[in-house]
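Geometric and topological summary
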Amino acid sequence: MSPSVFNFNEAKDKFTAATISALDSKTIKPLINIFNQLSGNETEKKTTFDQALRGVLEGVIVKQNTGCDDFLSLIYLSIDGVTEGICSATTPFLLLGDVLDCLPLDQCDKIFTFVEENVSTWKSSSFYTAGKNYLLRMCNDLLRRLSKTQNTVFCGRIQLFLARLFPLSEKSGLNLQSQFNLDNITVFNKNEQESTLGQKHTEEKEEGMEVEEGEMGDEEPTPCTVPIDYALYRKFWTLQDYFRNPVQCYDKFSWMTFLKYSDETLAVFKSYKLDDTQASKRKLEELRTAGGEHVYFAKFLTSEKLMDLQLSDGNFRRHILLQYLILFQYLKGQVKFKSSNCVLNDDQCLWMEETSKLVYQLLREIPPDGDKFANTVEHILNNEENWNAWKNEGCPSFVKERPADAKPSRPTRKRPAPEDFLGKGPDRKIFMGNDELTRLWNLNHDNMDACKSDSREFMPSLEEFFEAAIEQADPANMVEDEYKVVRNSNYGWRALRLLSRRSPHFFQPTNQQFKSLADYLESMVIKLAKELPKDLPSEEIKTGEEEEDDENGDNLLKESNDSPGIQNKLVSNQQMDEVAAKLGSQWKTLATQLEMKAAEVREIETESEDADMQAKLLLVAWQDREGSQATVENLITALNAAGFSSFTEALSDT
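Residues numbered from 1 in each chain as written. Predicted model: local features only at pLDDT ≥ 70, side-chain atom pairs only at ≥ 80, totals over all residues. Heavy atoms only, no water.

If you look the protein up in an unreviewed UniProt entry, it shows as THO complex 1 from Paramormyrops kingsleyae.

Written as C-alpha cells, this is what we have:
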C-alpha cells in the first residue's frame, strides 16, 4: 500500500482544537498525542502546528478585553512545544512579535517583562541561534515606537535586555570607533535681547511664576543668592556642546573658551553650596523618604526661570559634574581610532588633574551621601579604563576555546624520587652503581644547591683571560704571529664566548673587514688594552692607523645609539595616519601585499565610506593581526612591493 498523503487543512484543524484544549488544561499532552498520530514527515507536521498556533493567536487578539495572560499562556505553550520537538524553534519569537505589534504600549510593557524574565531561556542552545535575530528586530521595532523623552525607562530596559542577551564581544552592539551622538543638541536662548534674567522680578511677583503642580509645594520659593545673569546662563549651557563633542577640546581656541566657561561655572558651584540653602532641608527629607526611587531626566530644561532652581538641585549638579569627569577621561585616555593630532600639552593635563580633584570635592559636598556617590563614580570610571583597553585590543573574546586536538590529560602516577627508596638520612650514602658516580653524588646533601654555589662560577674576567694576549701584542716583546695565543682555535672559541658575555665591543658595528678570527681577536685585544689598568702595556701597542679605526668605531657606535634601526621598531599611530592619508583610494593595492583576505576587505568597506578612514582601518587590521611583527621595515617592504616607494619617506623620517 502507498503511504497516505498528508492533508494540511485537516491536520491544522486537529492542531487548533488540541491547542485550545491544551490551553484549558494547561498541559501539552494533547498536542503531543496529535503530533504522533498524524501521518507525514516531521517537517510537515511542525509547519502545520506553527500555523495553527498563529491562527489561535489571531483569534485571541481579535477578541475584546483580552488580558496579557492569554497571550503569555499561548507563548508558554509554544516554548514547551520546542522543548518536546513538535514545534519550530522560531515560533515563540514570531508569536511575541505578532503580540507586540498588535498591543498598545502599556500592555507591551507587561509582555516585555515576560521577555526579560525568560532571558535564560532565550540564551539556551535550543533558542539562541534561531531567535537572536528575531529578538533584535523585535526590540528595534519597540524602540522606534517609544519616545526617548517620555518612555525613558522602557527604552533603558530594552537596552539592558539586549546587553544581557548578547555576549560582550558581539560587535554589532559595540561603539568600536568611539563615535559620539552629535545629534544630541541642547537648545537654549542665545539672544540676549530676549532674555528675562536682567529684568526685575516685580512682574513675577504680581502674576506669579508658572510652576508645575507638585514641583515646589505650598512653600514660596527662596531667593537664590547667586547673581544669575544672561552671561552666566549662556556660558553654563554652552558647555553642553563640549560634552556632546569632546574632540573640540583639542582645538586651541575652543579649549580656551571651554577653560574660561568651566572655571566660572565651577566657581559658582564652589561658592554656592547646597548646605547653605534654605530649601535644601525639605528636599533632603523627601529624597531620604522616597524609598529608593530616583528621578530621571531625558533632556535638560534650559528655561531661564529654572536656572536658580537647578543650581539648588543636588541631582542636577551631579549630572553636570559627572559630565566633566567623563570628558576628562576621554581626553586623557588612549583611544585606538583617535587622530594623531588629538594630543594635550602639559598645561592642559595639569589643569584637568587639578579640576578633577575639585570636581570630586564638590561631589562629596553634595547631600545626601556625597562621599559614597563620589567613591562609586571613581570606581566606575577606573573600571571603564579596562573596557577602553579591551576595545583598543580589538574586543577579543573572553571565552578561550580548547583546541580540537587537545584532550584532557589523565593524572599519571608520580614516580618516586631516588631519596624515597635509596636513603633519607644525612649519613646514609646513596650508591649509584659506580665508585666515582657514588662519590660525586654524595659530595653534598642537596646537589641542586651545590650546583648553584658561588664556587662553581668558572667564567674568568677579561683582564685575566686576555692578559697573555695583550702582552704578546706589545711590539717590544717581539712575539711572532704564529706563536700568539690568538692563533689558537681553541683559545679563539673561548674568547668569543667570553666577549659575548663580558665585553660591549663584541656587538659594536664596524665597517672593517677581517680575513680570519685571529685578526678580529687582535683588534679586540687592542681595544680592551685601553680599558685595562695603567700598569699594563696598552699605550705602546696602538698605531696611528689603529687609532683612526678605533675613533671611527666609536663614532659609528654613537651614531648607532642615537639613530636606532627600524628593523624592530613598531609602526606608530602617527605613521599610520600619514601613510593612510597618502594611500587614499589606492589602499586595496596595499591590501594585496599585506595578505588581507577578501572578507576583511569587504568588512573595511562596510565600516566606513571615507577612503582615508578605509586606509587607516586596513593598517589597523594589519597591526592587530601581526602584533609584534607589525614593524616599520615590514610595512616599507609591502609599500615597495605595491609600487608606493614614495610613501616610505614618512616612515623613514619619523
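On to the packing of aromatic side chains. Summed over the entire model, instances satisfying the criterion amount to 31 aromatic pairs. Measuring from centroid to centroid gives 5.0 Å for Y76 and F114, while their planes differ by 80 degrees, and the two rings are edge-to-face. One end of the pair, Y76, is in helix α4 (residues 68–84); the other, F114, is in helix α6 (residues 105–117), and 38 residues separate them in sequence. Y76 sits in the partly exposed class, given a relative accessible area of 39%. Here F180 and Y330 contribute two aromatic rings whose centre-to-centre distance is 5.1 Å and whose plane-to-plane angle is 85 degrees, an arrangement assigned as edge-to-face. Highlighted residues: F180 in the loop between α9 (152–165) and α10 (202–207) and Y330 in helix α15 (residues 314–332), separated in sequence by 150 residues. For F180, a relative accessible area of 30% corresponds to the partly exposed category. Given a relative accessible area of 16%, Y330 falls into the buried group. Each member of the aromatic cluster is reached from another via a ring pair, and the members are Y242, F243, W255, F258, Y324, F328 and W351. Over the ring of F373 we find R318, and its NZ or CZ is 4.3 Å from the ring centre. (Phe/Tyr/Trp six-rings, centres within 6.5 Å; stacked < 30°, edge-to-face > 60°. Helix = DSSP H or I, 4+ residues; strand = E, 2+ residues; numbered from the N terminus. Buried < 20%, exposed > 50% of the residue type's maximum accessible area, 1.4 Å probe, protein only. Lys NZ or Arg CZ within 6 Å of the ring centre and 35° of its normal.)

Our next topic: unusual backbone geometry. Note that the residue after P367, namely P368, is joined by a cis bond; omega there is -5 degrees. With respect to the secondary-structure elements, P368 resides in the loop between α16 (346–365) and α17 (370–392). Although it is not a glycine, D369 sits at a positive phi angle of roughly 55 degrees. Positionally, D369 belongs in the loop between α16 and α17.

Before going further, it helps to spend a moment on the pattern of salt bridges. According to the stated counting rule, one finds 17 salt bridges in the structure shown. Note that E116 and R157 form a salt bridge whose closest N and O atoms lie 2.7 Å from each other. Taken together, the positions of E116 in helix α6 and R157 in helix α9 put the pair 41 residues apart, joining distant regions of the chain. Across this residue pair, the class does not change: E116 and R157 are buried. (Salt bridge = Lys/Arg side-chain N within 4 Å of Asp/Glu carboxyl O.)

Moving on: the packing of helix α3 (residues 42–62) against α4. Between α3 and α4, the least distance of the axes is 10 Å, while the angle of their chain directions is 175 degrees. It follows that α3 is roughly antiparallel to α4 by the angle criterion. Where α3 abuts α4, its residues L53, V56, L57, V60 and I61 lie against D70, F71, L74 and S78. The residue inventory of the contact of α3 with α4, partitioned by class, reads 7 nonpolar, 1 polar and 1 charged. (Axes fitted to C-alpha atoms, helices over the stretch in contact; angles between N-to-C directions. Parallel < 35°, antiparallel > 145°, perpendicular 65-115°, else oblique. Contact = heavy atoms within 4.5 Å. Nonpolar A, V, L, I, M, F, W, Y, C, P; charged D, E, K, R; others polar.)

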